[in-house]
Amino acid sequence: WNPLIIMSPPRIITDTTDLRIRYPLLRAGDAVVGRLLLKPSEEYLLLDLVVRGVRLFPSALAYLAGRSKVFQTLLYKDSMFPHTLAIHDRHDLMAATSLYAGQGIGRVVTKGDRDDGGRGIHLWQSVEALYALASTGTVPYPFVLQPFRSDCRDIRVIVLGDYHESYWRHNPHN
């Protein structure tokens, strides 16, 4: 214990600008509350804050999962449509090409990581066609790869403590 250190009350950070300004000062007992607009290269700060004992709400895991389709695919793989894959690089795509060929899967859909609102979703005639274009460097990694299904609906599930809600999302033309 050092009597020269004056104990200050916990800091509460509520926005990204304040986080960037006061980041070096944050310590155990401080809190970051609310939505942060971090750039992908800044998300590593969340791990550092957790290690320092800074409380985060929402949690770092929830924050990252909410922003990344690829991370969601890794976390919830058992609940995904069969053969849904997180593709991180061309080696993953090569493995997926073999898997999909062995399963007789034709048309596929890619979903760009961090895209939302229908952006970054592409329909391909085959995973081989995707691989041919990806080999030119014009398809950004990572992304989610799924067999195409024309007769599907999305279900969205919200769990917040004891509160549960779900709803269907269906677009027959998409």
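Details of the structure are given in the entry above.
Fair warning: this is a prediction, and the values are worked out from it, not measured in the lab.

Q: Just to check I follow, could you spell out the overall build of the protein chain for this structure?
A: Tallying secondary structure elements over the protein chain gives six helices and nine strands in all. Taken over the C-alpha trace, the protein chain has a radius of gyration of 21 Å; the compact-globule value for 174 residues is 16 Å, which it surpasses by more than 25%. On the principal axes, the C-alpha backbone points of the protein chain span a range of 70 × 40 × 25 Å. For the protein chain, the proportion of its 174 residues judged to be buried stands at 28%. In the protein chain, 45% of the contacts between residues at least 6 apart in sequence involve partners at least 24 apart. For the protein chain, the separation between the mean place of its 20 positive charges and that of its 17 negative charges on side chains is 3 Å.

Q: Before we go on, may I ask you to explain the packing of aromatic side chains in this structure?
A: Each pair of aromatic rings is reported with the distance of its centres and the angle of its planes. As enumerated under the stated definition, the model contains one aromatic pair in all. Relative to Phe-143, the ring of Tyr-141 has its centre 5.5 Å away and its plane inclined at 25°; by these criteria the two rings are stacked. Directly above the aromatic system of Tyr-23 lies the positively charged group of Arg-52, at a separation of 4.4 Å from the ring centroid.

Q: Help me understand the nonpolar core, please; the structure alone is not making it clear to me.
A: Within soluble globular proteins, side chains that are nonpolar generally end up buried alongside one another. Membership of the largest hydrophobic core comes to 14 residues, with the highest contact counts inside it found for Leu-93, Leu-130 and Leu-145. Of all elements in the fold, only β4 (85-87), α5 (90-103), α6 (127-134) and β7 (143-147) reach the threshold of two or more residues within this core. Dropping the residues within four chain positions of it, Leu-130 is found in contact with Leu-93, Thr-110, Trp-124, Val-139, Phe-143 and Leu-145. Grouped together as the second largest cluster of nonpolar side chains are 13 residues, Leu-26, Leu-46, Leu-49 and Ala-60 included.

Q: Would you take a moment to explain the pattern of salt bridges for this structure?
A: A side chain of one charge can pair with a side chain of the opposite charge if their charged atoms are brought near each other. Scanning the model with the defined rule gives nine salt bridges in all. The partner of Arg-22 in a salt bridge is Asp-18, with the nearest N and O atoms 3.0 Å apart. Here Arg-22 pairs with Asp-18, and both are found in helix α1 (residues 16-22), just four residues apart, close to one helical turn. Of the residues examined, Arg-22 reaches a relative accessible area of 25% and is grouped as partly exposed. The residue Asp-113 makes a salt bridge to Arg-114 at a minimum N-O spacing of 4.0 Å. Here the salt bridges do not stand alone but share partners, grouping Glu-43, Arg-67, Asp-113 and Arg-114 into one network.

Q: Mind showing me how you'd approach the sheet that holds strand β3 (residues 55-57) here?
A: Two pairing modes exist for strands in a sheet, parallel and antiparallel, and in both the strands are linked by backbone hydrogen bonds. What the three strands build is an open sheet, ordered β1-β2-β3; its pairing is parallel. Taken across any chain shown, the strands that pair with only one partner, and hence form the sheet edges, are β1 (12-13) and β3. Bridging between β1 and strand β2 (residues 31-33) involves two bridges; their strand directions are parallel. Its bridge partner being in β2, Ile-13 is matched across the sheet by Val-32.

Q: For this particular structure, what's the right way to read the sheet that holds β7?
A: Reading across the sheet, the four strands line up as β4-β7-β5-β6 and stay open at both edges, with antiparallel pairing between neighbours. Edge positions in the sheet fall to β4 and β6 (121-124), since each has one partner strand and no second. Pairwise comparison of adjacent strand axes, ignoring direction, gives a mean angle of 25° for this sheet. The sheet contact formed by β4 and β7 spans three bridges and is antiparallel. When the sheet's bridge partners are listed, Leu-85 is paired in β7 with Leu-145.

Q: Help me understand the pairing of β7, please; the structure alone is not making it clear to me.
A: Successive side chains on a regular strand alternate, one facing one side of the sheet and the next facing the other. Across the five residues of β7, five count as buried, placing the element largely inside the fold. Side-chain alternation along β7 places Phe-143, Leu-145 and Pro-147 on one buried face and Val-144 and Gln-146 on a second face that is also buried. By the bridge criterion, five bridges tie strand β5 (residues 108-112) to β7 in an arrangement that is antiparallel. Paired with Val-109 across the bridge in β7 is Gln-146.

About the criteria used
Residues numbered from 1 in each chain as written. Predicted model: local features only at pLDDT ≥ 70, side-chain atom pairs only at ≥ 80, totals over all residues. Heavy atoms only, no water. Helix = DSSP H or I, 4+ residues; strand = E, 2+ residues; numbered from the N terminus. Rg over C-alpha atoms; globule rule 2.2 N^0.38 Å. Buried < 20%, exposed > 50% of the residue type's maximum accessible area, 1.4 Å probe, protein only. Contact = heavy atoms within 4.5 Å. Lys, Arg positive; Asp, Glu negative; His and termini not counted. Charge placed at Lys NZ, Arg CZ, Asp CG, Glu CD. Phe/Tyr/Trp six-rings, centres within 6.5 Å; stacked < 30°, edge-to-face > 60°. Lys NZ or Arg CZ within 6 Å of the ring centre and 35° of its normal. Core = buried A, V, L, I, M, F, W, Y, C linked by side-chain atoms within 4.5 Å. Salt bridge = Lys/Arg side-chain N within 4 Å of Asp/Glu carboxyl O. Pairing = 2+ DSSP bridges. Axes fitted to C-alpha atoms, helices over the stretch in contact; angles between N-to-C directions.

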